[in-house]
Amino acid sequence: MVKFGVGQSVRRVEDDRLITGGGRYADDFRAPGQAYMVVVRSPYAHAKILSIDTESARAAPGVVDVLTGQELQEAGLGEVSNAAVALIKQRDGSPAFKTTRHVLAVDRVRHAGDAIAAVIAESEAEARDAAELVMIDFEELPVVVDTEKAADPSSPAIWEEAGSNLAYDWGKGDEEAARAAIANAHHVTKLKLINNRIVVNAMEPRAALGMYDKEQDRYTLHVPSQGVHGLRDRIANDTLKIAPEKLRVITEDVGGGFGMKTFAYPEYPLVLYAAKKLGRPVKWTADRAESFLSDTQGRDHVTEAQLALDAEGHILGIYIDTIANLGAYQSQFGAFIPTLAPRDMQAGVYKVPAIYNHVRAVLTNTVPVDAYRGAGRPEASYLIERLMDKAGYETGLGPIEIRRRNFIPAEEMPYNQKPSLPFDSGDFNRNLNDALAKADYEAFEKRRAEKAKEGKLLGLGLCYYVERTAAGMSEFAQLAVDAEANVVHVYTGSQTNGQGHETVWTQFISSRLGLDADQIVVHSGDSDVLPGGAGTGGSKAVYMSTGALGVASDTLIEKGKQIAANELEAAVADIEYRGADGEAVFAVVGTDKRIDLFEVARKAEGQTDSAALEAAGEYKEAGNSYPNGAHICEVEIDRDTGDFEITRYIAVDDFGHVINPMIVAGQVHGGIVQGLGQAMGERTVYDEESGQLLTGSFQDYWMPRADDLPFFDTSYNEIPSKSNQLGVKGAGEAGTVGAPSAFINAVLDALRLAGVENIDMPVTPYSLWKALHGAEEKAA
Amino acid sequence: MKSELDIMLTVDGAEERTTVEPRMLLIQALREKLGVKGPHIGCESGRCGACTVLVNGEAVKSCMMLAAQADGAKITTAAGLAAEDGTLHPLQQAFHEHHALQCGYCTPGMLCAAMDLLKTNPKPNENDVRQALRGNLCRCTGYQHIVDAVLSAAGTLGSGASAVKGAAE
Amino acid sequence: MIPAAFDYARPATLEEAASLLSQEGGAALLAGGQSLITELKQRRASPRAVIDLNSITELSAIEHGPDGVRIGAMVRQAELLRDGTVQKRLPLLCETGAAAGDPMIRRLGTLAGALCEAEPGGDWVAAALALEAEVEIYGKGSTRRLSAADFVTGTKPAGGLQGEIVTAVHLPYQKKDSRSTYRKVKHNAVGWSIASAAISLEPGEGGACRKARIAVSGAPSHPQRLPALEAALTAGPYEAEHLRAAIEEALDGLTFRGDHYASADYRRTRLGILLSRTLQELLAA
């Protein structure tokens, strides 16, 4: 019996190795004869490099080589990829300003932690010791770190070539219509908010093991990535300037990525260059301090928006003005995140006749910003859900009624929200009603009155989020029946960062081919196996990879039928595949003449174009899916101290058909906690004067811990997506999209009792106390 | 005063001898010298707990101890919790049942921290578990499933408290 | 993550350790290591040599006497918190310990080490001050004792030690009728206090305290007792208003730390509220 089907909380197949210390993370790989690389990083946020003296470092024990930017330039290495910049056209039609980032800085450093030199030694300890001996003369330059200040034309320009700190001025939507809606509105709700910068902090630091095979003139890179193919192409095309086939990228277990591990960081071409030059493998592993200073960071927007309403509280239009901080350099997708990633998601789940989104992206002396779980969508959702709450209070309709009035109703699905959001399904009222019931909303005022007696402010916050998950690219898969081992090998172009891909692919193939879990072996990322792959990112894997696996399994069955037809002496048209009820056989329709899948594979040799029974699949048909849901948060605040506590958290989501409820619950919980982390304490603080990251370690940067959080009540309604064959909606980022506004709206609901109308993320006891007491912060 | 030391560790039941520099941390000796890859390095400030192992039965952060200090000690990592025939320890089984891990990077440390808790407090309540795990960061799970798993292993998971519906069956 | 190189010795006796310390200029003593090892890894400290005290068995004893306990310098915090007599006779120490660090840090960390580090936001140090601990110090062949208040003065090294080794912490037991508690506003990342107080009150006649010991940490420049507030409580009786005034007066005498995480004003406010709420609760008990 196949007990591994779709729709069950099947326990994960990857757990066995991970709970017994058998995970294979990037730093676990060692190559014989490898040398270690340590990167020398800038202590200054902005400075000219006057000279680099590597002599003492080269003379230190164990040192093999010291690389500088000048050498790499002379060797013809290209830039670090910032591919997305080319996608951005400014409002006046001109291209965006494109930063040039060398693998190692040549004459200028632009953020504290910018890579300047690489010391390669026999051991990591020797490399670290020698790194301290690289002598660099700097001339310090003025620093800009703050998002709004960077946009001020009087700030020093980080990139003189650009003339200012503006990387681009971009707009999308019908500006005239949005302005007219505001001009003719009965009421306009205005809001200014900060979407605070996040340090991603996957628990596994980045690492890279570079190898070079001289005979074949081929490079191999072991790296924790979110997609081996994308990384291969960026490194090969943009930096090493080689054909992508000359580079093999391998990723096995990844200790969390959250967007950040997608990108082609400078250290990756660096270990490859060094491996070729030195004729031996070169290994680099970041320590946490380097993660803080070199992993892309997330968010960092300042937004002003106006929401126009008619007399009944219906939305007429939205006008959005955002300043997005891209950091010192445009990262690979950095330019894409505040612009094309959210597209028009600022309209949320509401009918919005006119929307205009104006984004000015600025460059600052901070770590580059790129995708972080949700990538543009959480920012969009946070904005509209804050606006709706504020509008609810200003109009007297309240946060629930104003949302209901503007919801796109279930009976109007599919609904084409112009200009670019074709919703396929959704029942927003149903999820909202369920969430309100679970939150015991009826009794909220009573709870609030009781808390008031204790001097506590109780607030209830609502968010109705929607997310658009990714589509529009090809995904690839391959199946190979291994007749020797009686297993089917599964390869997909997506790869796990811990979400549970292996289990879900196993479930899917199990249900398609009628195999037991132990007959299915899911392989991790290897750019040599598939022609391409879309990687993990954008909550799309569940429908893109199963789509490709579906094509591959159909093809596999068709190939198998031909062999089976020969073996069973029947016409191909009379062969069916029976992959259920414990069977995995080809059979002649209407008879008990059958042949086992693995037997067919054994016969495959000589009958098919390849030695074994195998099949590839490519899939690109799926459209975007729109996971959505109601999150309700209740927060209690101590008026005197600013201490707060989340006293209840309810999420009722719609992920369409759910393949594995347990894995979805894990995604929701983790997502909510990352969203709450941003909202309730993750503070990325750069010193305004020096540009130093003041919160550059776990001693300074808070992330949620086990005792910081309440119990979450999560559930879902399955409203199938119509944009993919399984009817699923991606669940990977949803929690992170919903949580920040649910929490902040709850905080503001409480603060309103004390006359406070605005507060920004991250909310901390200190920030609440300042808001409640209007206290001026004195210089420390 | 020595600038190199011969040490002996019993790691998951196997006696290991190696030579280390005094500055080598226990985690580095385990990973680099002995090829023990279960405990991970997640930070250098002793705040993440990814490197937690049991030293003579007690959970410590192996990046907060010199290898030299552990000379002669019995070290248990996540790999050593399972029985020799591969049967998972009930706590490991509970992590599996309750989906208490995603990327798995923090998991070996979490398991060791939870082992220590269950040794000193065999019947913890939810708050006990949350306090006991406050030295271990996890970026994936949101902790609730981890807490459920530990409570379940202790037999103190209340009915209806499970985040994974039906997970306790 | 990798410390700078150092030499290493693991002496078996105190005398041997002291002699090594006098020979090796710039040697660091390694006890629990929960501060030192982080400093080594981050290369904020790079001593020429490390003298590991972990094999000196004479430093690992908890010795209970009729009126108090001697806690050896190498007694781990977790072991201390497990000791039945400590739990019974020094509840303030145990409550404080449970709020300090995390379980793994307490497995290695020591009370003596925490006092030597005397972090501005330290927890143990507040309890030691409120419990009137004494620090036992060995050097040049003899032993001396310093009160916790003289040991923790905000300057480093704590106690002004030069070539000496802390061997034990002496703590008098709390009186059976004493009311004590440790309350803390935590820096959520590092876990240290941004405002905390260890308080031990012995109730007296007529609404005044027979004895009051209040030590604060996190908010002021360094952990310290609040003698004026203690005196106000023993002078009693204390109406709520009187108490608030006495707290404000005590706070006026302190210099507050401030940073981007919590300003000096905020720390002062938090400490004031914490003292007021906690004292009212203890006095009403």
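Residues numbered from 1 in each chain as written. Chains lettered and ligands numbered in written order. Predicted model: local features only at pLDDT ≥ 70, side-chain atom pairs only at ≥ 80, totals over all residues.

Once that is clear, we can look at the overall build of chain C. Counting its secondary structure elements, chain C contains 12 helices and 12 strands. Within chain C, buried positions represent 54% of all 285 residues. For chain C, contacts bridging at least 24 residues in sequence account for 64% of all contacts bridging at least 6. (Helix = DSSP H or I, 4+ residues; strand = E, 2+ residues; numbered from the N terminus. Buried ≥ 20, exposed ≤ 12 C-beta atoms within 10 Å, placed from the backbone. Contact = placed C-beta atoms within 7 Å.)

What follows concerns the interface of chain B and chain C. Chain B puts 26 residues into the contact, and the matching count from chain C is 26 residues. In terms of residue count, strand S4 (residues 58-61) of chain B provides more of the side of chain B that touches chain C than any other element does, four residues in total. Classifying every residue of the side of chain B that touches chain C by side-chain character gives 11 nonpolar, seven polar and eight charged. (Nonpolar A, V, L, I, M, F, W, Y, C, P; charged D, E, K, R; others polar.)

Okay, the sheet that holds strand S6 (residues 134-139) of chain C next. Residues and elements named next belong to chain C. Pairing is antiparallel across the open sheet formed by five strands, whose spatial order is S4-S5-S8-S6-S7. Strands with a single pairing partner mark the edges of an open sheet, and in this sheet they are strand S4 (62-64) and strand S7 (142-147). The mean angle between the axes of side-by-side strands here comes to 20 degrees, regardless of whether they run parallel or antiparallel. Sheet analysis places S6 next to S7, joined by six bridges and oriented antiparallel. Bridge pairing in S7 places Val135 opposite Leu146. Contacting S6 and strand S8 (165-172), helix H1 (residues 14-23) runs over the sheet at an angle of about 130 degrees to S8. (Pairing = 2+ DSSP bridges. Axes fitted to C-alpha atoms, helices over the stretch in contact; angles between N-to-C directions.)

Taken together, the contact between chain B and chain A spans 48 residues of the former and 44 residues of the latter. Secondary structure elements with two or more residues in the side of chain B that touches chain A: helix H2 (90-97), helix H3 (107-120), helix H4 (126-132) and helix H5 (144-154) of chain B. Looking at the side of chain B that touches chain A, the element that brings in the most residues is H2(B), giving four residues.

Attention shifts here to the domain arrangement of chain B. Residue and element names in this part refer to chain B. Here chain B is partitioned into domain 1 (5-80) and domain 2 (90-154). Taking only C-alpha atoms into account, the centre of domain 1 sits 21 Å from that of domain 2. Contacts between the two partners involve 16 residues from domain 1, matched on the other side by 14 residues from domain 2. The set of elements that each furnish at least two residues to the side of domain 1 that touches domain 2 consists of strand S3 (52-55) and S4. Among the elements that line the side of domain 1 that touches domain 2, the one with the most residues is S3, at three residues. (Domains from an automatic or database assignment.)

The subject of this paragraph is helix H8 (residues 267-278) of chain A. Residue and element names in this part refer to chain A. Counted at 1.5 Å a residue, the expected span for H8 with its 12 residues is 16 Å, and the 16 Å between its end C-alpha atoms agrees. Counting buried residues in H8 gives nine out of 12 residues, a clear majority hidden from the surface. Where H8 is concerned, the buried positions are Glu267, Tyr268, Pro269, Leu270, Val271, Leu272, Tyr273, Ala274 and Ala275. Where H8 ends, the next residue or the one after it, Gly279, has phi of about 70 degrees, a positive value. (Expected span 1.5 Å × (residues − 1).)

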